[in-house]
Amino acid sequence: MQVILGSGGAIGKDLAIELKKYTHKIRLAGRNPKKVNDEDELVLCDLTVEENVDNAVKGCEIAYLTVGIQYKLNVWQEQWPLIMKNTITACKKHGTKLVFFDNMYMYHPGKLNPMTEETQVLPVSKKGKVRAEIAQMILTEVKSGKLQALIARAADFYGPGISNSVFNEVVVKNLKAGKKANWFCSLNYLHNFTFTPDAAIATAILGNTAGAYGEIWHLPTVGAITGKEWIEKVAAVIGVKPKIQVASRFIIKIMGLFNPVMKEFVEMLYQWDRDYNFDSSKFETIFKMKPTPTEEAIRQIIKSA
């Protein structure tokens, strides 16, 4: 049995499909879990409640923590450490291996080109400090020998059918609707995105590879190109002109006074005012898997938008 904790997250559905290659015993746990495969077992689970998590993990060989919670600082500060504590406690109790689907918020802002698994952890954002804290909770337990776990990190993500992707929302949907694509700070810096179906495939591979545990892995991600090139590629696939509107740091701060999402976004702008190059060569070399080419990924996103 393998369980996905937070099966409604960005890769939950795709991961449930991929896990069928390894087992027919798949449990989906969340506040409102829905079957992906006919045989899936559903468990109602609030990950902030220790008893719920214990019940979801019990009897499972591997647990995948893929939950996405509200993009709000105080929610992250309150819930993430609790969710991680509950998950680690349950995995240790039941002898369950843990796979944590993570991001790159904890990395040193001056060392984003390239980012590797060895990049220095030195977050400047408050959300990054939360991510550093919960990742360290896992690493401490692994070092003590009390937990088998790995961390699978993704860059900003894009993919078909997901609603919490900046790229999907401000580039793809806008251009498809005949509007200007939005970008942040500057079009001239490098950026890359992890395609969610690739992330799901790779996360399933890692979870089911004994030798992958005890390490941090960057999930397969296409090479970085400039913001201008990203928008031009999307426009070319849709068949429209690449109309663009760039929001400066000042404008985003002003928008944040009236828009809660933009308010939360301000502290993350350092990821857009410099080159951002997420390197996944470790995974690609060892597992011989390349990320989906950019144009193909964009076609799939547009088809689902």
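Use the structure listed above.
Computed from a predicted model, the values in this text were never measured in an experiment. (Residues numbered from 1 in each chain as written. Predicted model: local features only at pLDDT ≥ 70, side-chain atom pairs only at ≥ 80, totals over all residues. Heavy atoms only, no water.)

## Description of the pattern of salt bridges
Logical step 1: Within the structure shown, the criterion is met by 19 salt bridges.
Logical step 2: In this structure, K127 and E267 form a salt bridge, with 3.0 Å as the shortest nitrogen-oxygen distance. Of the two residues, K127 sits in helix 4 (residues 126-144) while E267 sits in the loop between helix 9 (260-265) and helix 10 (281-287), which places them 140 residues apart along the sequence.
Logical step 3: Taking relative accessible area as the criterion, K127 reaches 1% and is therefore assigned buried.
Logical step 4: For the salt bridge of K173 with E169, the shortest nitrogen-to-oxygen distance reads 3.0 Å. In this pair, K173 and E169 are both assigned in helix 5 (residues 166-176), four residues apart and thus about one turn of the helix distant.
Logical step 5: On the accessibility criterion, K173 (38% relative accessible area) is partly exposed.
Logical step 6: Judged by its relative accessible area of 28%, E169 is partly exposed. (Salt bridge = Lys/Arg side-chain N within 4 Å of Asp/Glu carboxyl O. Helix = DSSP H or I, 4+ residues; strand = E, 2+ residues; numbered from the N terminus. Buried < 20%, exposed > 50% of the residue type's maximum accessible area, 1.4 Å probe, protein only.)

## Quick look at the nonpolar core
Logical step 1: Counting residues in each nonpolar core, the largest one holds 44 residues, and the members touching the most others are L5, L65 and W80.
Logical step 2: Sorting the residues of this core by element identifies strand 1 (2-5), helix 2 (50-57), strand 4 (62-65), helix 3 (73-94), strand 5 (97-102), helix 4 and strand 6 (149-153) as the ones contributing at least two each.
Logical step 3: In this view, L5 contacts A29, L47, A56, V57, A63, Y64, L65, T66, V67 and T87; residues no more than four positions away in its chain are not counted. (Core = buried A, V, L, I, M, F, W, Y, C linked by side-chain atoms within 4.5 Å. Contact = heavy atoms within 4.5 Å.)

## Remarks on the environment of K21
Logical step 1: Within the fold, K21 resides in the loop between helix 1 (12-19) and strand 2 (26-30).
Logical step 2: Put simply, K21 and I201 are 180 residues apart on the chain and 10.0 Å apart in space, counted from C-alpha to C-alpha.
Logical step 3: A distance of 2.7 Å separates the side chain of K21 from the side chain of E18, its partner in a polar contact. (Polar contact = N/O pair within 3.5 Å; in protein donor to acceptor, adjacent residues only side chain to side chain.)

## What to know about unusual backbone geometry
Note: most residues except glycine have negative phi, and most peptide bonds are trans.
Logical step 1: In this model, N113 is joined to P114 through a cis peptide bond whose omega is 0°.
Logical step 2: Considering the arrangement of structural elements, one finds P114 in the loop between strand 5 and helix 4.
Logical step 3: With a phi angle near 70°, C185 is a residue other than glycine that sits in the positive phi range.
Logical step 4: Locating C185 in the fold gives a position in the loop between strand 8 (181-184) and strand 9 (190-191).

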